[in-house]
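The lines below spell out each chain.
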Amino acid sequence: MRPALRTVLCTVGLLLATVLFPSPARADNPIVQTIYTADPAPLVHNGRVYVYTGHDEDGSTYFTMRDWRVFSSTDMANWTDHGSPMSLATFAWADANAWAGHVIPRNGKFYWYVPVRNRATGGMAIGVAVGDSPTGPFRDALGRPLVENGEIDPHAFIDDNGQAYLYWGNPRLWYVRLNTDMISFSGGPTQIPLTTAGFGTRNGNASRPTLYEEGPWVFKRNNLYYNVFAAECCSEFIGYSTAPSATGPWTYRGTIMPRQGSSFTNHAGIVDFAGSSYFFYHNGALPGGSGYTRSVAVERFAYNADGTIPTINMTTAGPPQVGTLDPFVRQEAETMAWASGVETEASGEGGMNVGFIENGDHIKVKGVAFGNGASSFTARVASGTSGGRIEVRLGSATGTLVGTCTVPGTGGWQSWTSVTCPVSGATGTRDLYLRFAGNSGYLFNLNWWQFAPSGGGGGNLLANGTMEDGTTSWTSSGGTLSSATDVAHGGSRSLLNSGRTSAWQGPHQNVTARLTNGKSYTTSVWVRSQSGTPGAKATLTLTANGTTNYVQLTPAQTVNANGWTQLTGTATVSWTGTLTNASFYVETAAGTDGLYVDDASFQ
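Residues numbered from 1 in each chain as written. Predicted model: local features only at pLDDT ≥ 70, side-chain atom pairs only at ≥ 80, totals over all residues. Heavy atoms only, no water.

Enquirer: Explain the sheet that holds strand β38 (residues 519–529) to me, and be specific about the residues and the numbers.
Expert: Sheet architecture is open: five strands sit in the order β35-β36-β44-β38-β42, paired in antiparallel fashion. Among the strands making up the open sheet, the edge pair consists of β35 (480–484) and β42 (565–573). Taking the axes of each pair of neighbouring strands and ignoring which way they run, one obtains an average angle of 30° across the sheet. Relative to strand β36 (residues 494–498), β35 runs antiparallel, the two sharing five bridges. Pairing of threonine 480 across the sheet is with serine 498, part of β36. (Pairing = 2+ DSSP bridges. Helix = DSSP H or I, 4+ residues; strand = E, 2+ residues; numbered from the N terminus. Axes fitted to C-alpha atoms, helices over the stretch in contact; angles between N-to-C directions.)

Structure representation (C-alpha cells):
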C-alpha cells in the first residue's frame, strides 16, 4: 500500500459527505478512487464502456506516469478495474512519460497509441501497441516509434470509408493517414493549419495565436466532423471545432467545459452508449488532487438540435445509472461505484482483487436489484493475518445492517476461500455497501461476492457452476471435456472442451427437472478460447412432446485466448406439452476452437 495515497483516500468519504455536498447525496465522480487517473480515452465495445487512462503516481509534482490503466462499466455507475495491461516496459525503446493515449479496434485487434519519451533521442514519440482484447495484455507492435516529432496526445479515428487517421500535437496539430494494418501510414505527417477561424483566438501569446493546446479527440456525427481539444493552458478549458471532412477546414464552435476542477490541464473524450452521449474528462477532485494528481470523471449530455455541444460543467454526482446490477450472479469486488480506503491489486486467481483493507474501509456498489430478497451472501476472501468481518449494509456505510460475514485467516494474502453468511432485509433496488471491520492493520483481501435469492426457487440451477469439482455434473456434446488447472477465471479450475468438430458442441448440463415453464432466467458464464477469436454464446435446448427448440440465453460475444469474456443475458423459457429434456450449454456461432468455461450461473 502506498502510504501517501492511502492517507488522502481514507478521508474521501468524510470529505465528500460533509464538504462537497450535504447528506443524503453521494458522489460517484470521479469514477476511480483507488489511484489517481488522467487523460480518459473511452471506447464502447460489445455493450460495455472501456476507459483507458494514464496513472499519476502518488505525490507527483510533475507528470510522473509509468503505466496505463483500464476500467469498464455496463451501467455508467459501477466501474470494474482491469489493472495495468501496458506500461513503459512494454516499449523497450522508451524510458519515461506514459502520457495520454487512445485505443481503437480494427481487424479483430485493439491498437493503443501513446506518447512516450524515446530513450535514444530524448524527445517525445508516438508508439503503438496491439492487444487481442480490450483489456489486453498489449505488446509493442513495431519495436520502435510509429512517428516522432517531439509532440504528444495521439488520437485515432476511422472514417466511414475505412480510411484511418492518427491526430496528435502540442503545440501544433498533425495527422497521418494510417494504413489498414493500423501500424504504418501513407505519406508523411501533415500539419493542420491553426487559424483563429478554425480554433479560436488566444490573446497575449504571439507564438500561439489560437486556443488549441493539445489532446485532439476527433469523431463524426450526422456527417459532421468534430474535433474536441484542450484549450489555452493554463488552466485549460475544453473547446471544439467542426469540419465537413476529417482533415478540415475547421471552424471553431466554442467552449464545452469551462476552466474548472483543481487541475490546470483537462483532457476530453466523447462516446455514445445505451442511447445517451457521455463526456469524459479529468480534474483534481480527490483529496491530494492537483494538476499532477488527477482523476477521471464523466457527465451525460445531449447535443443541441443543431448538432452543437452544450456547456458541460463538472459535477460530483456523475451520470444516472443505466439499469441495475444483478447481485445473484458473481460480481467482481473491484466492480464498484465508490471506494474508501482500499486499493486494488492483481489477484492470484486472475483479474484483480480489492486489497489493503483496514478497519472502517468500505466499497459502494450502486443500484443493486435484490428484487424479492436475498437469503445469503458469499464472498471470496484471503487473509495473511487473522481476518476480520464484512458488514453487508444498505444505503450508506453506516446504513441498515442486513448481514455480517466472518473472514478467517487463510494463511496467505492469495490463499483464497469462500465464506457465506445469512442476510435478511435486502429487498428492492438499493445501494450496497460492504464495510470492513476488524483489528488494526490489514485485514483481508476480497476477490468477488454473490448473493443467493430468498424463496429457494431462484438459486443457480447449474450444479458445480464454479467448476471447482472438476467435470462433475458436466458433459460434452462433442470433443473432449477436461478440468483445467492452468487457466481459471475464479478459484483454481475451469472446464476445457477441446477437440470440438462442430460449432454447436460444448460443455452442457441437463436442467430438465429444475425448470419452471414461463419463467425468466438470467445467465452469466465466463468463456475464453483455447485459440482464435470465435463468437461464443449460451443456449438452452428444450424437447417437449417430441419437438426440440432452442433458446438463446446470451448474445454471442467474441472471446479470445488472452482473457475471459462474460456472457450475460435474460430469457423467458417456455414450452408446450411435457418437457422431456432441457440442456444448458455453451457453443460458438461458428468454428471449432476449444473453449474454456468457468463460473456459470443460470437462475
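Enquirer: Can you break down the state of the cysteines residue by residue, with the values?
Expert: Taken as a whole, this structure holds two disulfides when the rule is applied. Here cysteine 233 connects covalently by a disulfide to cysteine 234, the sulfurs 1.5 Å from one another. The sign of the 55° torsion about the S-S bond sets the cysteine 233-cysteine 234 disulfide as right-handed. Classification of cysteine 233 as partly exposed rests on a relative accessible area of 25%. For cysteine 405, the disulfide goes to cysteine 421, at an S-S distance of 2.1 Å. Disulfide cysteine 405-cysteine 421: the torsion about the S-S bond is -100°, which places it as left-handed. Taken together, the residues cysteine 405 in strand β30 (residues 400–407) and cysteine 421 in strand β31 (residues 412–422) connect sequence positions 16 residues apart. (Disulfide = S-S within 2.5 Å. Buried < 20%, exposed > 50% of the residue type's maximum accessible area, 1.4 Å probe, protein only.)

Enquirer: Tell me about the sheet that holds strand β12 (residues 164–168), and name the residues and values.
Expert: Taken together, four strands build an open sheet; the order of strands is β11-β12-β13-β14 and the sheet is antiparallel. Each having just a single partner strand, β11 (155–158) and β14 (185–191) make up the two edges of the open sheet. Along the sheet, successive strands turn relative to each other by an average axial angle of 20°, direction set aside.

Scope: geometric values only; no functional claims are made or implied.
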